[in-house]
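Examining the three-dimensional arrangement
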Amino acid sequence: VSSFLFSFPFYQNKNLTFGLTPYTRADIQIHETSGYIMGQQSSEFYPVLNSLNEYYVYGGISNLFIALSMKLNKSNSFGMQVNNLFGNQLHLNKIIISEQDSIFDGSSGYTYDQYDSTYQVIFNNFSGYSIKLDWILELGKHQFAFSATSMGPIDVKHKIYYDLYA
């Protein structure tokens, strides 16, 4: 279950609704295939090093909301929704340093011996709000809808950690 919604009529032509829905979501994995070769020009006697990166992004922002809608008269309906936006996102960047063997493996290219990696962990915490107003005007067989949304600031708390010997 990724979301829920409860709606309650509480008076004639009036309705109260609240719920929780995803606003944004991320589940991304990126893996470099060959990396970056470095140190090859320094000497033929030193090993060639290869740097390879892997990236992971998880998390997102959720929307907790409450809404009130009502029919004001025969021609006018009004609605208001208040949204509380919150959530977390984790970025994990892994840098892998490998030694490239000088013996060529005919089937798959050079072989790599991993001997060091570093994790950069970026943690983002989001919080904010928005307000939405809707108005529907009915004139005969026609309906006109007007909607306005005011987005408040989204506060992002950003923390970076390193694990140097992962």
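Right above here is the structure, for reference.
Now for a quick tour of the structure. (Residues numbered from 1 in each chain as written. Predicted model: local features only at pLDDT ≥ 70, side-chain atom pairs only at ≥ 80, totals over all residues. Heavy atoms only, no water.)

1. A few points about the overall build of the protein
- From N to C terminus, the protein includes 0 helices and 8 strands.
- In sequence order, the protein lays out its α and β elements as β-β-β-β-β-β-β-β.
- Burial status across the protein gives 25% buried among its 166 residues.
- Nonlocal contacts in the protein, meaning residues at least 24 apart in sequence, comprise 62% of its contacts between residues at least 6 apart. (Helix = DSSP H or I, 4+ residues; strand = E, 2+ residues; numbered from the N terminus. Buried < 20%, exposed > 50% of the residue type's maximum accessible area, 1.4 Å probe, protein only. Contact = heavy atoms within 4.5 Å.)

2. Concerning the environment of Ile-37
- When you line up the elements, Ile-37 lands in strand 3 (residues 36–38).
- Sequence separation between Ile-37 and Val-48 is 11 residues; the distance between their C-alpha atoms is 7.0 Å.

3. Some thoughts on the side chain of Ser-130
- Within the element layout of this structure, Ser-130 appears in strand 6 (residues 109–139).
- Of the residues examined, Ser-130 reaches a relative accessible area of 5% and is grouped as buried.
- For Ser-130, the side chain forms a polar contact with the side chain of Asn-83, separated by 2.8 Å.
- When residues no more than four places from it in sequence are discounted, the contact partners of Ser-130 are Gln-81, Val-82, Asn-83, Thr-149, Ser-150, Met-151 and Gly-152. (Polar contact = N/O pair within 3.5 Å; in protein donor to acceptor, adjacent residues only side chain to side chain.)

4. Observations concerning the pairing of strand 4 (residues 48–71)
- Inspection of the sheet shows strand 2 (residues 14–31) paired to strand 4 by 17 bridges, in the antiparallel sense. Paired with His-31 across the strands is Glu-54, a residue of strand 4. (Pairing = 2+ DSSP bridges.)

5. Brief notes about unusual backbone geometry
- Phi at Asn-13 is positive, roughly 65°, even though this residue is not glycine.
- Structurally, Asn-13 can be placed in the loop between strand 1 (4–11) and strand 2.

6. Concerning the packing of aromatic side chains
- Counting across every chain of the model gives 5 aromatic pairs.
- On the numbers, 6.0 Å between centres and 25° between planes, the contact of Phe-8 with Phe-18 is stacked. Here Phe-8 is found in strand 1, whereas its partner Phe-18 is found in strand 2, with 10 residues between them in sequence.
- Phe-18 gets classed as partly exposed once you look at its relative accessible area, which sits at 34%.
- Ring geometry for Trp-135 and Phe-146: centres 5.2 Å apart, planes at 25°, overall stacked. (Phe/Tyr/Trp six-rings, centres within 6.5 Å; stacked < 30°, edge-to-face > 60°.)

7. Quick word on the environment of Ile-122
- Residue placement: Ile-122 occurs in strand 6.
- Considering only alpha carbons, one finds Ile-122 and Gln-89, 33 residues apart in sequence, at a separation of 8.2 Å.

8. What about the environment of Phe-126?
- Among the secondary structure elements, Phe-126 is positioned in strand 6.
- The class of Phe-126 is buried, set by a relative accessible area of 13%.
- Between the alpha carbons of Phe-126 and Asn-88 there is a distance of 6.1 Å; along the sequence they are 38 residues apart.

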